[in-house]
Amino acid sequence: MAPPFVFPSNLKELEEDLEEEGLRVLCPLHVNGLHPSKLDDLVKGVTFDLSDRELFCIEEQDVFDRIYSLAKAFSTLAPSLKFNLVEALRSNLSVLLPSIDSLSRAAESSPGNHDDGGHVADRVASHRNALKIYSFFLLSIATSEESKTETAASSSKVALQGRKKHAVCAWNWEAQRGRIINLIANSLEINLSLLFGPGEVEDNYLSYISKCIFTFYENQTIIRDEEARKGLGRIVGTVGTKLGRTDQTCASILHVIHKFDYAVAPIADAVASAEQKYHDGSLAVALIREIGRADPKDYVRDTAGAENVGRFLVELAGHSPRLVSTNVGVLVPHFGGESYKIRNALVGVLGKIVAKAFKDVEGDVSSKSLRLRGKNAMLEILLERCRDVSAYTRSRVLQVWAELCEEKAVSIGLWNEVASVAAGRLEDKSAIVRKSALGLLITLLQHNPFGPQLRVPAFEATLLRYKEKLHSMEAPQSPRLDGVEEGVEPAVTASPVGPRQLEESASDSCQPDQTDTQEEVLPDMGNLEQIRALVASLEAGLRFSRLFMSLMTTLVQLLASPNVTDVENTILLLMRCRQFQIDGSDECLRKMLPLIFSQDKAIYEAVETAFLAIYIRKNPIETAKNLLSLTMDCSIGDLAALESLVSSLVFKGEISSGTISALWDFFSFNISGSGVHQSRGALLILCMAAKSSPSILGSHLSEIIDIGFGQWSKEDPLLARTACLALERLSNEDRKKLISKNSRVFGSLQNLIMGFWLPDKIWYTAVDKAITTIYAIHPAPEMFASEIVKRLHRTVFVNGVEGEGGSHLECLSSVPVAKLGRFLFIVSHVALNQLVYVESCVRKIQKQRGKKEKSGTLPENSEVTEAHSINAELGLNATVDVALDLLAERAEKEIISSGEVEKCLIGYCAPFLSKLCRNFNLLQKYPDLQSSAMLALCRLMIIDPDFCEANLQLLFTVAESAPSDVVRSNCTIAIGDLAVRFPNLLEPWTEFIYARLRDHSVTVRKNAILVISHLILNDMMKVRRTCIHHIFT
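The rules we used
- Residues numbered from 1 in each chain as written.
- Predicted model: local features only at pLDDT ≥ 70, side-chain atom pairs only at ≥ 80, totals over all residues.
- Heavy atoms only, no water.
- Helix = DSSP H or I, 4+ residues; strand = E, 2+ residues; numbered from the N terminus.
- Buried < 20%, exposed > 50% of the residue type's maximum accessible area, 1.4 Å probe, protein only.
- Contact = heavy atoms within 4.5 Å.
- Phe/Tyr/Trp six-rings, centres within 6.5 Å; stacked < 30°, edge-to-face > 60°.
- Axes fitted to C-alpha atoms, helices over the stretch in contact; angles between N-to-C directions.
- Parallel < 35°, antiparallel > 145°, perpendicular 65-115°, else oblique.
- Nonpolar A, V, L, I, M, F, W, Y, C, P; charged D, E, K, R; others polar.
- Core = buried A, V, L, I, M, F, W, Y, C linked by side-chain atoms within 4.5 Å.
- Salt bridge = Lys/Arg side-chain N within 4 Å of Asp/Glu carboxyl O.

Some words on the overall build of the protein chain
- Helix and strand counts for the protein chain come out as 53 helices and 0 strands.
- When each of the 1033 residues of the protein chain is scored for burial, the buried share is 48%.
- Contacts in the protein chain between residues far apart in sequence, at least 24 positions, make up 74% of those at least 6 positions apart.

In structure tokens form, the structure reads like this:
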């Protein structure tokens, strides 16, 4: 009989002489020095002995020494030799395991025969020896190969070519690794008490296996191998649970999860699988208690270990929620620790427990009550953690609440409290907390138990009717309710009416257009208790709706947040609010439109995606109606944002041609129910679309003129302005068609400018756009505009006074103030557009010259070409640019020409306007006239530097002493424009510009700050310390 095999600490220790008796290596072979043929014969001999002889031949000294020698030099063997040796050892161990069960049957067959009993004992010893020897050599080979593979993987980054060279004859260790590990797991799962007795299994045997296994857990490559990972988990579970090495396994597990983050999830799965397989949670309980007994300060020092331990607890709670729930008490004290990562993990653990550990309803009343109290205690902890000192923990708690809502683990009675907490966290100073709060609110809306429509008026009406029904049912039964305490609200969670029944009843009553007959008919909800539960549920739903309605102001503020995630998630929440018809959500979504101008691509895309989801439909008419609704009661900023969105979507093809046709039908009153306001809105949307596709407007020119300037414009005065905008957006081809076929369009524009049928507030904007349209489409706009000014001059000044401005002042007593104000507005706006027209003509000429120079359209004569090149070198060609600049300067000067002998049309009005603005006594009687006169004066000052210099003192005097806030604000804004155009003229007046910050009007001070900040940021004005003091006084 061979001596017993004692597990050494490593392979080389088998060559050492120990005091203990045991199987040791006596004659090791130097395999590295053998010839390849002899080495091949050696391996063949070993594999032959292992396959043809008994399984226990490995105990023989000769076979043992040869296998040891080959295992020691395994890394140097050829791939084929490696394969043969491993297959022989693995197959023998596979055959050995089933034969161990026969030992019990042999012992039972001869209980009284001493000879047979001794034979059985020898067989048991041989089986035990063989099991340990096979396991030892296989694990030694696996450890050796893993260390070699890890070294080769690190060196392959430097020498990639060498790895490719040996790829043809590579030893496929990955295919053998999982088989060996699972075979070791099978050897541990058999009845080892047949081999080692009823007591414990040999400690050194299990220690060696555990050491190898946890070394494998440190290798990420092994963890990625599913077969090997499952085998490692089986070994850990068997050793730590079935074989009783709980404490040692627990210590090894904690060491591994502290150091290697990729081993956390596999080990948690192994521990949970052991608990389910052996119905013994001792290993998991030991791990939880060890983690709970740890000093919280240790987790502060070891942040990586704290994160790994936290992940392990969360994973374990996800796999075995009940087991963790019974031992979670030892972890709760860590909520008071300083490590936020542990607190984050404990929050996740509580979330897993609440979601999974309390689902079934089995057990008696006392156990149910106990579990309910435990669940409520955990929910209270989660609510309390929403005010944690760490933003990471607050964010994690809100995420856990969102997960619980998705799992339907939050009762209806707690729904409003969670929503209130999330609403409060919207004002958190941390962006990650706000992001989680917005996500929680989205989840609460999506999974709310109150119905698909959450409008407050509908809830109030439904609640009122059910309360009346409840009072009518309680009246005859009041003597029976003496035992019920007053003021006690029925428990919502115990309601026999489920959330789905509530949704079917409450949502039907939340329809917007219910008749009185429908309101009188209520669905029969059954007995009195059910009605009470429904009333309580409706009250909770009403509080929920009011909570979200009150959030609209905060959400609008979050839309202006500099944090991108705040804006993106706020948009998502507003979209969800609109889906559930929360009051005020549509108005808040309109506040989203200006964000299209954001420089951040993520915000731009979020706004565009939300716009498509909300307003663009498959039905073109519905899409047109949605777009028309956006044009009603819109600010200028909203219209600009809407224009940017519509033009972009038309360019991308998101707005179909069918939608464009539907908009034309709305504009032409071809759709029943469409009015003049819808017509104007449709034309406005078409103008926005024409910005990226001008051909849209060309096919309906006659309709634009007939409707835009016809009788409909008297019902909606803004329609005329929108028609002017449409004419301005025409393409060059359509403008030519318009001039050739519809000459009456200019007559319509002239009538609009000279007519007095529009209200004052709309007339100014309409005429502004009409004059701009004339300069955009007329072939000779300066001639046409001069005729309009002349006719207006004769209309306003009936006597037709000519000469200096003083003559005009003498006849002001007979001039209507409204006509004079409009005349001044037209004169100044024509002058300003004339300046823009001159500059555009100059740019057009420069562009044409640039194209000719680039195309090389020069004479082919060599002498001319040579002369041209010489002129270019001498800079003589620059005289053309100089001449062009002189012509442009002269043209701009001639607009007013107040200092010349020959004056143009507007030049006669400029002195009159200047003297009129100096007549403070007259203008104090007519504030509107002062506003128009000063606005016209500022426009003329923008055009001519001489006129500007002559009237600067007047401008600053009015900006300081005018009684009207509007006049002072306009003058402040005009000063900023003048500082940009004529910085040298305004530089001596810097002190007076800063003085606008001391104005008593908030509006004027606000405009002054905007103007000054704009000038400073554009390097048009220097910051002065003494002047900046005005901002804070």
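Moving on, there is more to tell.
Points about the packing of aromatic side chains
- For the coordinates displayed, the defined rule picks out 26 aromatic pairs.
- By the ring-pair criterion, three or more aromatic residues cluster together here, those being Phe5, Phe7, Phe64, Phe136, Phe137, Phe196, Tyr205 and Tyr208.

Structural notes on the packing of helix H15 (residues 303–319) against helix H17 (residues 340–356)
- Running from N to C, H15 and H17 cross one another at 0 degrees; their axes reach a closest spacing of 8 Å. Between H15 and H17, the angle is such that the two are roughly parallel. Counted together, Thr303, Ala306, Glu307, Val309, Gly310, Leu313, Val314, Ala317 and Gly318 of H15 and Lys341, Ile342, Ala345, Leu346, Gly348, Val349, Lys352 and Lys356 of H17 form the full contact between these two elements.
- In the contact of H15 with H17, the residues fall into 9 nonpolar, 4 polar and 4 charged.

Overview of helix H38 (residues 744–754)
- A large share of H38 lies buried, amounting to 8 of its 11 residues.
- Close packing links the buried residues of H38 with helix H34 (701–708), helix H36 (718–728), helix H37 (732–741), helix H39 (760–777), helix H40 (781–796) and helix H42 (817–855).

Side note on the environment of Glu568
- Relative to the helices and strands, Glu568 is located in helix H27 (residues 564–579).
- Glu568 sits 42 residues away from Ala610 along the chain, and the two C-alpha atoms are 9.8 Å apart.
- When sequence neighbours within four positions are dropped, the list of residues in contact with Glu568 reads Ala602 and Ala606.

Topic: unusual backbone geometry
- Although it is not a glycine, His279 adopts a positive phi angle of roughly 55 degrees.
- One non-glycine residue, Phe669, lies in positive phi territory at about 60 degrees.
- If you trace the backbone, Phe669 turns up in the loop between helix H32 (657–667) and helix H33 (676–690).

Brief notes about the nonpolar core
- Formed by 316 residues in total, the largest nonpolar core has its most connected members in Phe137, Tyr217, Phe312 and Trp401.
- Excluding anything up to four places from it in sequence, Phe137 contacts Leu11, Ile58, Phe64, Ile67, Tyr68, Ala71 and Leu89.

Regarding the pattern of salt bridges
- If you walk through the whole model with that rule in mind, you get 39 salt bridges.
- With a closest N to O distance of 3.2 Å, Asp62 and Arg66 form a salt bridge. Within this pair, Asp62 and its partner Arg66 are both found in helix H2 (residues 61–72), separated by 4 residues, close to a single helical turn.
- Judged by its relative accessible area of 48%, Asp62 falls in the partly exposed class.
- For Glu290, the salt bridge identified is with Arg293, shortest N-O distance 2.5 Å. Note that Glu290 and Arg293 are positioned in helix H13 (residues 282–293) at a spacing of 3 residues, about one turn of the helix.

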